[in-house]
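For reference, the chains in residue letters:
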Amino acid sequence: MEAKVKKKDKKEMRSGYTTGACATATTKAALVALITREEQLESTIYLPVGKFATFEMEKCYIGSDFAEAETIKDAGDDPDATHGALIQAKVCWSLKPGIHLDGGVGVGRVTKEGLPVPVGEAAINPVPRKMICETAEEILQLYGIKKGITIIISVPAGEKMAEKTLNKRLGIIGGISILGTRGTVIPFSSSAYMASIVQAVSVARASGCEHVVISTGGRSEKYGIQQYPELPEEAFIEMGDFVGFTLKQCKKQGVKKVSLVGMMGKFSKVAQGVMMVHSKSAPVDFNFLTSVACEAGVTDQSLIEEVRGANTASQVGDLMLTNGYDDFFTILCNYCCTAGLKEVRGGILIETSLYSMKGTFLGRAGKDDRA
């Protein structure tokens, strides 16, 4: 069973719920079951986004001094790494007064500074933490309970799921994070990925990094690690398609030097000032690449037409490399640096390095706009 979602038009993307909302719902079900000794198969909570949501429990078990409840996370139509995760809450009485919250199996633990959760604590972010504790406090008051309780949130498959996230890089070890500021997941939204970029920059800064390397994916990041072996792991950040957003975050958080490492396809867009480089957001402009080729000294009309009629930016790169026009890549990198500085309104040093799909270093340029 999945958390109940209001019926929508078939053409409309279906929204879902965050791990934080699921953890709150299971906590409420488990606590009410512990107090009333009655099985709770539904749990209704109030979400930060300003509406109520009802979650169906897969199971509710009542022990002598504890109760457990679990639900399956439904992320709607969002391609979420934790979609389908079993989220469990175990609530038991505590000898200590108050509400004590921790993570169990499959919930990561923070090991690096720079995250919104202190080192050593379970990776349950501030908003979900607040949701869980406030909901538990309301239930305790409703039933006039003065005793303390301990809440343990677990995600049995969390450690495996975490392999598809940036958690390890952020210093979150052993499982996923319990996240969500709205309580709902907007389909195909960028918010989760952008939030991970913000955290990655924060971890880098907390680790003392003034120079970070941002790449569009795992392959280009590998090339960056080879190019900058002196930098610590925290300095390498996967920005995906969010070039402009990542550059702005770097400047906002006080990074002095940003190195962009990537390949022809996406960086040919950055060179034109396109800061969201998803294939659906902006196609490659072959007329622009043709002008760069001419700027690099290409005069052969047949080669110029080959560039203009190429299928991919990578193909253009191969043509330039094969014909010995190395300046093409330096010029393109310069354009990337100029576009990046314009995006953040200067104040930092930006350098760009280009690689082929097979890892061949193509070119590099840098521009320092620090006062």
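Reading the values: the criteria
Residues numbered from 1 in each chain as written. Predicted model: local features only at pLDDT ≥ 70, side-chain atom pairs only at ≥ 80, totals over all residues. Heavy atoms only, no water. Helix = DSSP H or I, 4+ residues; strand = E, 2+ residues; numbered from the N terminus. Buried < 20%, exposed > 50% of the residue type's maximum accessible area, 1.4 Å probe, protein only. 1 Å grid on protein atoms, 1.4 Å probe; cavity = no way out; pocket = protein on both sides within 12 Å on 5 of 7 lines; lining within 4 Å. Points joined across faces, edges and corners; volume = space filled by probe spheres on them. Nonpolar A, V, L, I, M, F, W, Y, C, P; charged D, E, K, R; others polar. Polar contact = N/O pair within 3.5 Å; in protein donor to acceptor, adjacent residues only side chain to side chain. Pairing = 2+ DSSP bridges. Axes fitted to C-alpha atoms, helices over the stretch in contact; angles between N-to-C directions. Contact = heavy atoms within 4.5 Å. Expected span 1.5 Å × (residues − 1).

Caption draft 1: Up close: unusual backbone geometry. At Arg37, a residue that is not glycine, the phi angle is positive and equals roughly 60°. Along the chain, the position of Arg37 falls in the loop between α1 (19–36) and β2 (42–46). Judged by its relative accessible area of 44%, Arg37 falls in the partly exposed class. Positive phi, normally seen in glycine, also occurs at Arg345, with a value near 60°. Looking at the element boundaries, Arg345 is found in the loop between α12 (327–344) and β17 (349–355). Judged by its relative accessible area of 79%, Arg345 falls in the exposed class.

Caption draft 2: Spotlight on empty space enclosed by the protein. Counted according to the given criterion, the structure contains one cavity of 30 Å³ or more. Val110, Leu115, Pro116, Val117, Ala123, Asn125, Ile172, Ser177 and Gln199 together form the lining of the largest cavity. A class-by-class count of the residues in the lining of the largest cavity yields six nonpolar, three polar and no charged.

Caption draft 3: Layout of the environment of Ser291. Structurally, the position occupied by Ser291 is in helix α9 (residues 286–295). The class for Ser291 is partly exposed, based on a relative accessible area of 38%. Between the C-alpha atom of Ser291 and that of Asp241, which follows or precedes it by 50 residues, the distance is 24 Å. Polar side-chain contacts of Ser291 include one of 2.6 Å to the backbone oxygen of Phe288.

Caption draft 4: Examining the pairing of strand β6 (residues 86–94) more closely. Looking at chain direction, strand β5 (residues 66–72) and β6 are connected through seven bridges and run antiparallel. Looking at the pairing, Ile72 lines up with Leu86 of β6. Taken together, the seven bridges between β6 and strand β10 (residues 148–154) define a ladder with antiparallel strand orientation. By the bridge assignment, Gln88 is partnered in β10 with Ser154.

Caption draft 5: Main features of the sheet that holds strand β14 (residues 211–215). If you walk across this open sheet you meet the five strands as β15-β14-β16-β17-β18, and the pairing is mixed. One side of each edge strand has no neighbouring strand; the edge strands of this open sheet are β15 (236–238) and β18 (361–368). The mean inter-strand angle of the sheet, taken between neighbouring strand axes irrespective of direction, is 20°. With seven bridges joining them, β17 and β18 adopt antiparallel strand pairing. Note on β18: the bridge partner recorded for Leu354 is Gly363. Lying on the sheet, α12 is in contact with β17 and β18; it crosses β18 at an angle near 35°.

Caption draft 6: Representation of α1. Taking 1.5 Å per residue, 18 residues should reach 26 Å; α1 reaches 26 Å between its end C-alpha atoms and fits that length. Among the 18 residues of α1, 16 are classified as buried, and the element is accordingly described as predominantly covered.

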